[in-house]
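Below, each chain spelled out in residue letters.
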Amino acid sequence: MKLPEGRRSREDVMRALRAFKKDDFAWIKGRLPLYIYYLDDDLLNLQCQAFSEYMVENGHGKLTVFPSVQRMESDVIDMCLDLFSAPSGSTGTFTSGGTESILLAVKTARDWARVNRSRVARPAMILPASAHPAFSKAAHYFGVEEIRVPLSSNYKADILAIRSAITDRVIFMVGSAPTYPHGVFDPIGSLAELANENGIWFHVDACFGGFLAPFAKEIGYPVPPFDFAVPGVWSISADLHKYGFAAKGASFFGLRNNALREYQEFRFSNWGRGNYVSPGIPGSRPAGSVAAAWAVMNHLGRTGYRDLASRTMRTRDRLIEGVEGIPSITCALVPELSIVVIGAENDTVKIPAVAAGLQERGWFASRSSNPVGLHFTVNPVHEAVIDEYLEDLAWSVRTATERQISEHSENSTY
Ligand SMILES: *Cc1c(COP(=O)(O)O)cnc(C)c1O
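Anyway, here's the lowdown on the structure attached to this text. Every value quoted in this text rests on a predicted model; they were computed, and no experiment measured them. (Residues numbered from 1 in each chain as written. Predicted model: local features only at pLDDT ≥ 70, side-chain atom pairs only at ≥ 80, totals over all residues. Heavy atoms only, no water.)

## Some remarks on the nonpolar core
In this structure, Phe 84, Phe 172, Met 173, Phe 202, Phe 226 and Leu 240 are the most contacted members of the largest nonpolar core, which totals 102 residues. Considering each element in turn, this core owes the most residues, 13 residues, to helix α9 (residues 287-324). Judged by nonpolar contacts, the second largest core, of 26 residues, contains Val 354, Tyr 389, Leu 390 and Ala 394. (Core = buried A, V, L, I, M, F, W, Y, C linked by side-chain atoms within 4.5 Å. Buried < 20%, exposed > 50% of the residue type's maximum accessible area, 1.4 Å probe, protein only. Helix = DSSP H or I, 4+ residues; strand = E, 2+ residues; numbered from the N terminus.)

## Points about the site of the ligand
Close to the ligand lie Gly 97, Gly 98, Thr 99, Ile 102, His 132, Tyr 180, Asp 205, Cys 207, Phe 208, Asp 239, His 241 and Lys 242, which account for all nearby residues. Between Gly 98 and the ligand, the recorded distance is 2.9 Å, taken from a backbone N or O atom to an oxygen atom. His 241 places a side-chain nitrogen or oxygen 2.8 Å from an oxygen atom of the ligand. In isolation the ligand offers 380 Å² of accessible surface; the protein chains occlude 84% of this area. (Near = heavy atom within 4 Å. Polar contact = N/O pair within 3.5 Å; in protein donor to acceptor, adjacent residues only side chain to side chain. Areas by Shrake-Rupley, 256 points an atom, 1.4 Å probe, with all protein chains shown as cover.)

## With respect to the packing of aromatic side chains
Applying the stated criterion across every chain, the model contains 20 aromatic pairs. Considering the side-chain rings of Phe 185 and Phe 226, the 6.3 Å spacing of their centres and the 50° angle between planes classify their relative orientation as tilted. Of this pair, Phe 185 sits in the loop between β4 (170-176) and α7 (188-197) while Phe 226 sits in the loop between α8 (213-218) and β6 (235-238), and the two are 41 residues apart along the sequence. Residue class for Phe 226 comes out buried when judged on its relative accessible area of 4%. One aromatic cluster is present, formed by Tyr 37, Tyr 180, Phe 208, Tyr 243 and Phe 245 through successive ring pairs. The lysine or arginine in question, Arg 361, covers the ring of Trp 395, its NZ or CZ lying 3.8 Å from the ring centre. (Phe/Tyr/Trp six-rings, centres within 6.5 Å; stacked < 30°, edge-to-face > 60°. Lys NZ or Arg CZ within 6 Å of the ring centre and 35° of its normal.)

## Section: the environment of Gly 244
The topology assignment puts Gly 244 in the loop between β6 and β7 (251-255). For the pair formed by Gly 244 and Leu 212, sequence separation is 32 residues and the distance between their alpha carbons is 7.6 Å. Setting aside residues no more than four positions away along its own chain, Gly 244 makes contact with Phe 211, Asp 239, Val 296 and Tyr 305. (Contact = heavy atoms within 4.5 Å.)

## Structural notes on the packing of helix α2 (residues 41-53) against α9
The geometry of α2 relative to α9 is characterised by a closest axis approach of 7 Å and an angle of 140° between their N-to-C directions. Taken together, the axes of α2 and α9 are oblique relative to one another. The handedness of the crossing between α2 and α9 comes out as right-handed. Across the interface between the two elements, Asp 42, Leu 43, Leu 46, Gln 47, Ala 50 and Phe 51 of α2 pack against Gly 288, Ser 289, Ala 291, Ala 292, Ala 295, Val 296, His 299 and Leu 300 of α9. Of the residues contributing to the contact of α2 with α9, the split by class is nine nonpolar, four polar and one charged. (Axes fitted to C-alpha atoms, helices over the stretch in contact; angles between N-to-C directions. Parallel < 35°, antiparallel > 145°, perpendicular 65-115°, else oblique. Left-handed = near helix turned anticlockwise from the far one by under 90°. Nonpolar A, V, L, I, M, F, W, Y, C, P; charged D, E, K, R; others polar.)

## Notes on the sheet that holds strand β2 (residues 124-128)
The seven strands lie next to each other as β1-β7-β6-β5-β4-β2-β3, forming an open sheet whose pairing is mixed. The open sheet is flanked by β1 (91-95) and β3 (145-149), the only strands paired with a single partner. Across the sheet, the mean angle separating the axes of adjacent strands is 20° when strand polarity is ignored. Sheet analysis places β6 next to β7, joined by four bridges and oriented antiparallel. Bridge assignment links Ser 237 to a residue of β7, and that residue is Phe 253. Sheet strands touched by helix α3 (residues 67-83): β1 and β7. Its angle to β1, the strand with the most contacts, is close to 120°. (Pairing = 2+ DSSP bridges.)

## Some words on helix α10 (residues 351-360)
Spacing of three or four residues puts side chains on the same side of an α-helix, whose turn is 3.6 residues. Listing the buried residues of α10 in full gives Ile 351, Val 354, Ala 355, Gly 357 and Leu 358. End-on view of α10: buried residues confined to an arc of 160°, all on one side of the axis. Once α10 ends, the next one or two residues include Gly 362, with phi positive near 90°. (Arc of directions from axis to C-beta.)

## With respect to helix α4 (residues 98-116)
Over its 19 residues, α4 runs 26 Å from end to end, which matches the ideal 27 Å to within 8%, given 1.5 Å per residue. Of all 19 residues that make up α4, 15 are buried, and the element is covered over most of its length. (Expected span 1.5 Å × (residues − 1).)

## Some remarks on the sheet that holds strand β11 (residues 339-344)
Sheet architecture is open: four strands sit in the order β10-β11-β13-β12, paired in antiparallel fashion. Across the chains shown, the open sheet's two edge strands, defined by having one partner strand only, are β10 (329-331) and β12 (367-369). Here the average twist between neighbouring strands, direction ignored, is 35°. In terms of strand pairing, β10 meets β11 through three bridges, oriented antiparallel. Across the sheet, residue Ile 329 finds its bridge partner in β11, namely Ala 344. Strands in contact with α10 are β11, β12 and β13 (372-377); relative to β13, the strand with the most contacts, it is inclined by about 40°.

## Structural notes on the pairing of β1
Burial within β1 is extensive, with five of its five residues counted as buried. Judged by which residues are buried, β1 turns out to be covered on both faces: Thr 91, Thr 93 and Thr 95 on one side and Gly 92 and Phe 94 on the other are all buried. Examined bridge by bridge, β1 and β7 share five bridges and lie antiparallel to one another. By the bridge assignment for β7, Thr 93 is matched with Phe 253.

## Digging into the side chain of Lys 156
Residue position: Lys 156 is located in the loop between β3 and α6 (159-165). According to the relative accessible area criterion, Lys 156 is buried, its value standing at 18%. Here Lys 156 is in contact with Leu 151, Val 184, Phe 185, Asp 186, Pro 187 and Glu 336, once residues within four sequence places are set aside.

Rendered as C-alpha cells:
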C-alpha cells in the first residue's frame, strides 16, 4: 500500500478495519485459548473510554506537565505494591508489558552488579528451562549470558541442578509464578534463599499469574507464597494487561528497595535540551494505557477481581473434569492456576490429529511441545463455551482415533 493521495471517509476506513478481522479466530466466542483477556463489553467499553480520554497526553511528560498521568500512575503502582506485599521503601514502574518489565529487571540487576559485584567481568544469569523467552531477549540485549537449567520431573525449577549451576559469574536468578509453558509455580522460597546466600539478584516473574493468583487464593485455591512477602525477592514483574484486565500496553515492575532504582533509570543531560530521564525502555508512551489500568482497577476492586478469579478457576475446574472424562486424553500435568495442558493417555491418540480436529471445528488449538499437548489458558470468556469446547474435543479425539485405525489397517494391507 502507498499513502493514498486523497482522503477516505471515516465510515469507509472503519468498515475496512472491521472487514480485516474476518479471518481472525473468533476470540469473542472464546475460540482462542491464549492472547485474549476479555470479560464483557461493559469492561471493554470502560477500557476504551478511559484510554481515549488520555489518547493525546504523553506518559513521558508526566513529571512536568501531566500531573494527571503522574497521579494515575502512582495510584496504580501503589495498588500493585500493596497487592504484592511490598515493604515500605519499595518502588514500582508502570511499563508497556511483561517483556519490558523483564528487560528492566535484568538491566537493573546488571547495572547493580557492575557496582556491587564488580569483580564479575562477564555476568551470567540462571534461568529454569521454563522461564519466558523475554529473559533470553534481555540476555541478548544486555550482554548477560544465560544458563538454562533443565526442570525437575514436576516441571518446576530444579533447586539441586540450579545450585550446581551457580558460579562466581552468576548475578541474576528467576522463578516464575506460575510458568507459562506448564502453569506451575517454581519453588520461590527456596530459589530466593539460594540466590541470596550467593549474593545473587532474585526476580519473580508473575507476569502471567500476578493478578489472578492472589484472588484465586482468597477464594480458597491453594497458591504458594510468591510475592515480596517471601524474603529475598528483589523484584517482581506482573502484567496488568493479562489478568489485571487492563488495556494492552500495561505491566508492573516492582523493586523491593528504592535504592536500587538508580540502576534502573536512564539519565542524559548532554543534549542541549536539559535533563532527559526515563525509568524504562520507551521515551514517549501512551498515557491511555495508564488511564485504562487505573479505571479498570478502581471499577473492579478486590470484589471484581475475586469474581473474575472465581469464574476463571471454576471454568478451569470444568475443563479439567471434562478432559478426564474423555477416553485417551488426560491432563499432562497437575494445573496449579489457569493453564491446562491436555496430553494423550499412553500414546493412544496423536495430539496433532486432535488439534487438527479442533481447528476444523473453529477452535485455535495452541500446542505445547514438552510435554506434547494442547495448551489452554482459561479466561472468563471461556465460561460460556467450555461445554461446547469439550464436546468438540471429544469429537476430535474420536475422529483422530478412527482415522488412525483406518490408516493403520490401510498400512497393514501392504
Ligand atoms: C506473558 C508473559 C511474559 C511476557 O509478557 P508480554 O506482556 O507478552 O511481553 C513473561 N512471562 C510470563 C510468565 C508470561 O506469561
